[in-house]
Amino acid sequence: SLTLLRKLATHTTVYFLWKQRNNLIHNQISLPPATVFRAIDREVRNIIPARRHRKNFDSLMVMWLS
(Lines give C-alpha, C1' and ligand atoms only; values in the text may rest on other atoms or scores of the structure.)
Protein backbone atom coordinates (compact mmCIF):
# COMPACT_ATOMS: atom_id res chain seq x y z
CA SER A 1 0.00 0.00 0.00
CA LEU A 2 2.89 2.35 0.72
CA THR A 3 4.35 1.41 -2.66
CA LEU A 4 1.04 2.30 -4.31
CA LEU A 5 1.00 5.68 -2.58
CA ARG A 6 4.58 6.36 -3.67
CA LYS A 7 3.71 5.52 -7.28
CA LEU A 8 0.62 7.72 -7.15
CA ALA A 9 2.57 10.64 -5.67
CA THR A 10 5.43 10.18 -8.16
CA HIS A 11 3.13 10.10 -11.17
CA THR A 12 1.24 13.15 -9.97
CA THR A 13 4.46 15.06 -9.28
CA VAL A 14 5.93 14.22 -12.70
CA TYR A 15 2.70 15.28 -14.40
CA PHE A 16 2.55 18.64 -12.62
CA LEU A 17 6.25 19.35 -13.20
CA TRP A 18 5.79 18.55 -16.89
CA LYS A 19 2.73 20.80 -16.97
CA GLN A 20 4.71 23.59 -15.25
CA ARG A 21 7.56 23.18 -17.76
CA ASN A 22 5.18 23.42 -20.73
CA ASN A 23 3.44 26.43 -19.21
CA LEU A 24 6.80 28.16 -18.86
CA ILE A 25 7.94 27.30 -22.39
CA HIS A 26 4.69 28.06 -24.24
CA ASN A 27 3.11 30.81 -22.12
CA GLN A 28 6.11 32.29 -20.28
CA ILE A 29 4.20 31.86 -17.04
CA SER A 30 5.84 30.37 -13.97
CA LEU A 31 3.86 29.38 -10.91
CA PRO A 32 5.43 29.60 -7.45
CA PRO A 33 6.59 26.26 -6.01
CA ALA A 34 4.01 26.48 -3.21
CA THR A 35 1.21 26.66 -5.79
CA VAL A 36 2.54 23.62 -7.64
CA PHE A 37 2.86 21.72 -4.35
CA ARG A 38 -0.73 22.57 -3.39
CA ALA A 39 -1.94 21.39 -6.82
CA ILE A 40 -0.09 18.08 -6.39
CA ASP A 41 -1.51 17.61 -2.90
CA ARG A 42 -5.03 18.43 -4.06
CA GLU A 43 -4.76 16.02 -7.00
CA VAL A 44 -3.60 13.13 -4.80
CA ARG A 45 -6.40 13.89 -2.34
CA ASN A 46 -8.89 13.75 -5.24
CA ILE A 47 -7.49 10.55 -6.78
CA ILE A 48 -7.60 8.49 -3.59
CA PRO A 49 -11.37 8.79 -2.88
CA ALA A 50 -12.16 8.41 -6.58
CA ARG A 51 -10.51 4.98 -6.49
CA ARG A 52 -11.58 3.89 -3.01
CA HIS A 53 -13.55 0.95 -4.42
CA ARG A 54 -10.35 -0.58 -5.82
CA LYS A 55 -8.22 -3.03 -3.93
CA ASN A 56 -5.43 -1.49 -1.79
CA PHE A 57 -6.85 2.06 -1.88
CA ASP A 58 -8.55 1.77 1.54
CA SER A 59 -5.86 3.24 3.78
CA LEU A 60 -4.07 5.54 1.34
CA MET A 61 -5.69 8.77 2.54
CA VAL A 62 -4.59 8.11 6.12
CA MET A 63 -1.03 7.50 4.93
CA TRP A 64 -1.08 10.57 2.67
CA LEU A 65 -2.25 12.85 5.47
CA SER A 66 0.19 11.53 8.06
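Scope of this entry: the structure provided in the associated data block. (Residues numbered from 1 in each chain as written. Predicted model: local features only at pLDDT ≥ 70, side-chain atom pairs only at ≥ 80, totals over all residues. Heavy atoms only, no water.)

Quick look at the overall build of the protein now. Along the backbone of the protein there are three helices and zero strands. If you line up the protein on its principal axes, its C-alpha atoms span 40 × 20 × 20 Å. The proportion of buried residues among the 66 residues of the protein is 26%. Put simply, of all contacts in the protein between residues at least 6 apart along the chain, 57% involve residues at least 24 apart. Summed over its atoms, the accessible surface of the protein is roughly 5,100 Å², and 60% of this surface lies on carbon and sulfur atoms. (Helix = DSSP H or I, 4+ residues; strand = E, 2+ residues; numbered from the N terminus. Buried < 20%, exposed > 50% of the residue type's maximum accessible area, 1.4 Å probe, protein only. Contact = heavy atoms within 4.5 Å. Areas by Shrake-Rupley, 256 points an atom, 1.4 Å probe, with all protein chains shown as cover.)

Glancing now at the environment of Lys55. Tracing the chain through its elements places Lys55 in the loop between α2 (33–50) and α3 (60–65). Sequence separation between Lys55 and Ser1 is 54 residues, and the spatial gap between their C-alpha atoms is 9.6 Å.

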